[in-house]
Amino acid sequence: MTVWDELVGQDRVAAQLTAAARDADAYVTAIDAGQEPRLAGSSMTHAWLFTGPPGSGRATAARAFAAALQCLSPDRALGGAPGCGFCDGCHTSLIGTHADVEVIRTDLLTIGVKETRELVRRAQLSPAGGRWQVIVMEDADRLTEGAGNVLLKAVEEPAPRTVWLLCTPSTEDVLPTIRSRCRTLSLRTPPVAAVADVLMRRDGVDPEVAQAAARATQGHIDRARRLATDERARARRAAVLRIPERVTDIGGALRAAQELVDAAAEDAKQLAEERDDKETEELRAALGAAEGKRLPRGTAGVMKDLEDRQKRRATRTQRDALDLALTELTGFYRDVLARQLGSAVALAGGESAAAVERVAAASAPEHTLRRMEAILECRTALDRNVSPLLAVEAMAVALR
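Note that the coordinates shown come from a computational prediction; the quantities given were computed from them, not determined experimentally.

Procedures and definitions
- Residues numbered from 1 in each chain as written.
- Predicted model: local features only at pLDDT ≥ 70, side-chain atom pairs only at ≥ 80, totals over all residues.
- Heavy atoms only, no water.
- Phe/Tyr/Trp six-rings, centres within 6.5 Å; stacked < 30°, edge-to-face > 60°.
- Helix = DSSP H or I, 4+ residues; strand = E, 2+ residues; numbered from the N terminus.
- Buried < 20%, exposed > 50% of the residue type's maximum accessible area, 1.4 Å probe, protein only.
- Lys NZ or Arg CZ within 6 Å of the ring centre and 35° of its normal.
- Disulfide = S-S within 2.5 Å.
- Expected span 1.5 Å × (residues − 1).
- Contact = heavy atoms within 4.5 Å.
- Salt bridge = Lys/Arg side-chain N within 4 Å of Asp/Glu carboxyl O.
- Core = buried A, V, L, I, M, F, W, Y, C linked by side-chain atoms within 4.5 Å.
- Pairing = 2+ DSSP bridges.
- Axes fitted to C-alpha atoms, helices over the stretch in contact; angles between N-to-C directions.
- Parallel < 35°, antiparallel > 145°, perpendicular 65-115°, else oblique.
- Left-handed = near helix turned anticlockwise from the far one by under 90°.
- Nonpolar A, V, L, I, M, F, W, Y, C, P; charged D, E, K, R; others polar.

K.L.:
Describe the packing of aromatic side chains, with residues and values.
P.N.:
On inspection of all chains with the given rule, the structure shows three aromatic pairs. Plain terms: the ring middles of Y27 and W132 are 5.5 Å apart, the flat faces sit at 25 degrees to each other, and that makes the pair stacked. With Y27 in helix α1 (residues 11-32) and W132 in the loop between α4 (113-123) and β3 (133-137), this residue pair connects regions lying 105 residues apart in the sequence. Like W132, Y27 is buried. Geometrically, the ring pair formed by F332 and Y333 is edge-to-face, given 5.5 Å between the ring centres and 85 degrees between the ring planes. Judged by its relative accessible area of 2%, F332 falls in the buried class. The cationic tip of R183 hangs over the ring face of W48; the distance from NZ or CZ to the ring centre is 5.3 Å.

Below, the structure written as structure tokens:
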């Protein structure tokens, strides 16, 4: 299986990256042979911007390309495309242990100047043992303005064998000066059938469950996998899809809002507890604090920094859980609107078909559009750091 097999429903992007990997391989091979290397006019460049809707596989495509750039397969000499998926270069790149492939993902709300400066410093180094120095930034849309300006300098004046792979939902999520210096690849939402096929082949999911999960998530690969394999995820989704029929009065709306926020907080707590405890114990051990003993003098500040980072991460996790619930709620009203307009498109939430029919029959299309706008306003409010409970309560009342 080649590295490109991970790109579900992205044949055009895979072809472009394969061509770039071939030219990159020829460039490094020429250097190793003492010849004059040339990248001018080739498919390869030093900075790439992977864009696409959530679930399209932006980060997967970037990691696959990073592996292809490090590919050591002997088949390359016979005309084979880099990215075999089996050689040491491909394998270590994909599992995250390659010395010359740095994958940056954040659990926090932003990526700051300090972290970006460290990346820029690393980007100036020559490859330690691989063919390229590759930096994959999976959350480039979370760069602060100052961090973006720091990154710009590195993208403007790249080291000879350094490649930046930036992933964002859209080109508007990075500074114009950065995107103008990157080659942009736009990924599409994978077809539902392709996602279901992946779940059946790679995860052994029952065909009926795979189809339902792929359809419910509208082609979002990671969410479809979680929905197909996690009973708790299915239960949370079912609870969200019951909200439209619960907000018949002010009391019901406020109760539904409170339950939605509490469920998101519980999700964040479950995800954070085990990881936070592990991080805390590892840091205490590194600082020389025996179990049950006080920290050595002068190390309290380090522990405080860790606690602050964990709090920021918990905030993001809660917002991500809320955003997922709001996305599923939007999908419900999208189905309602489709029914009201007489469309024959497949329902995203097949298990809520009866509720969709009832809500569609009890309201008009303009009411459904206003409800979808209320959900969008809630998401915007959350982005602006409005209290989650206040934002969700306002949305729930507007859904009546």
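K.L.:
I'd like a description of the environment of R316, backed by residues and values.
P.N.:
Note that R316 resides in helix α12 (residues 300-340). A C-alpha to C-alpha distance of 15 Å links R316 and L389, two positions 73 residues apart in sequence.

K.L.:
Requested: an account of unusual backbone geometry, with residues and values cited.
P.N.:
Positive phi outside glycine occurs at N385, with the angle close to 70 degrees. Along the chain, the position of N385 falls in the loop between α14 (365-383) and α15 (388-398).

K.L.:
Would you mind going over the state of the cysteines in detail, with residue names and values included?
P.N.:
Tallied over the entire structure, the rule returns zero disulfides. As a non-bridged cysteine, C71 has C90 as the owner of its nearest cysteine sulfur, 3.7 Å distant. We classify C71 as buried; its relative accessible area is 1%.

K.L.:
So what's going on with helix α5 (residues 145-156)? Which residues, and what values?
P.N.:
Across its 12 residues, α5 extends 16 Å between first and last C-alpha, which sits within 8% of the 16 Å expected from 1.5 Å per residue. Packing partners of the buried residues in α5 comprise β1 (47-51), α4, β4 (162-168) and α6 (176-179).

K.L.:
Report on the pattern of salt bridges, specifying residues and quantitative values.
P.N.:
Per the stated rule, a full pass over the model turns up 20 salt bridges. Residue R121 pairs with E118 through a salt bridge whose shortest N-O separation is 2.7 Å. Separated by three residues within a single helix, R121 and E118 lie in helix α4, roughly one turn from each other. With a relative accessible area of 45%, R121 lands in the partly exposed category. Accessibility expressed as a relative area gives 43% for E118, which makes it partly exposed. Residues joined in a network through salt bridges with shared partners are D25, R76 and R131.

K.L.:
Can you explain the nonpolar core? Please cite residues and give values.
P.N.:
In this structure, W4, L17, W48, F50, F65 and L165 are the most contacted members of the largest nonpolar core, which totals 35 residues. Broken down by secondary-structure element, the contributors of at least two residues to this core are α1, β1, α2 (58-69), β3 and β4. Not counting chain neighbours up to four residues away, the residues in contact with W4 comprise A14, L17, T18, A64, F65, A68, P82 and G83. Judged by nonpolar contacts, the second largest core, of 33 residues, contains V247, Y333, L337 and L399.

K.L.:
Which residues make up the sheet that holds β1, and what values go with them?
P.N.:
As summarised here, the arrangement of the five strands in space is β2-β3-β4-β1-β5, forming an open sheet in which the pairing is parallel. Taken across any chain shown, the strands that pair with only one partner, and hence form the sheet edges, are β2 (101-104) and β5 (183-186). Geometrically, the sheet is characterised by an average inter-axis angle of 15 degrees between neighbouring strands, direction not taken into account. Two strands pair when backbone bridges link them, and β2 and β3 are joined in this way by four bridges, in the parallel orientation. Its bridge partner lying in β3, I104 is registered against M137.

K.L.:
Lay out the packing of α2 against helix α3 (residues 88-95) in plain terms, naming residues and giving numbers.
P.N.:
At their nearest, the axes of α2 and α3 sit 8 Å apart, and the two run at 150 degrees to each other. One finds that α2 runs roughly antiparallel with respect to α3. For the element pair α2 and α3, the recorded crossing hand is right-handed. Contact residues: α2 offers R63, A64, A66 and A67, while α3 offers C90, S93 and L94. Residue composition of the contact of α2 with α3, by class: five nonpolar, one polar and one charged.

K.L.:
Describe the packing of α1 against α2, naming the residues involved and giving the relevant values.
P.N.:
The contact between α1 and α2 brings their axes to 9 Å, and the two run at 25 degrees. Looking at the two axes, α1 sits roughly parallel to α2. The handedness of the crossing between α1 and α2 comes out as right-handed. On α2, the residues touching L17, A20, A21 and A24 of α1 are A61, F65, A68 and L69. Split by residue class, the contact of α1 with α2 holds eight nonpolar, no polar and no charged.

K.L.:
Mind laying out the environment of A360, listing which residues take part and the relevant values?
P.N.:
Turning to its location among the elements, A360 is positioned in helix α13 (residues 353-362). On the accessibility criterion, A360 (13% relative accessible area) is buried. Beyond its immediate sequence surroundings of up to four residues, A360 is in contact with V336, R339 and Q340.

Coordinates in, geometry out; function isn't part of it.
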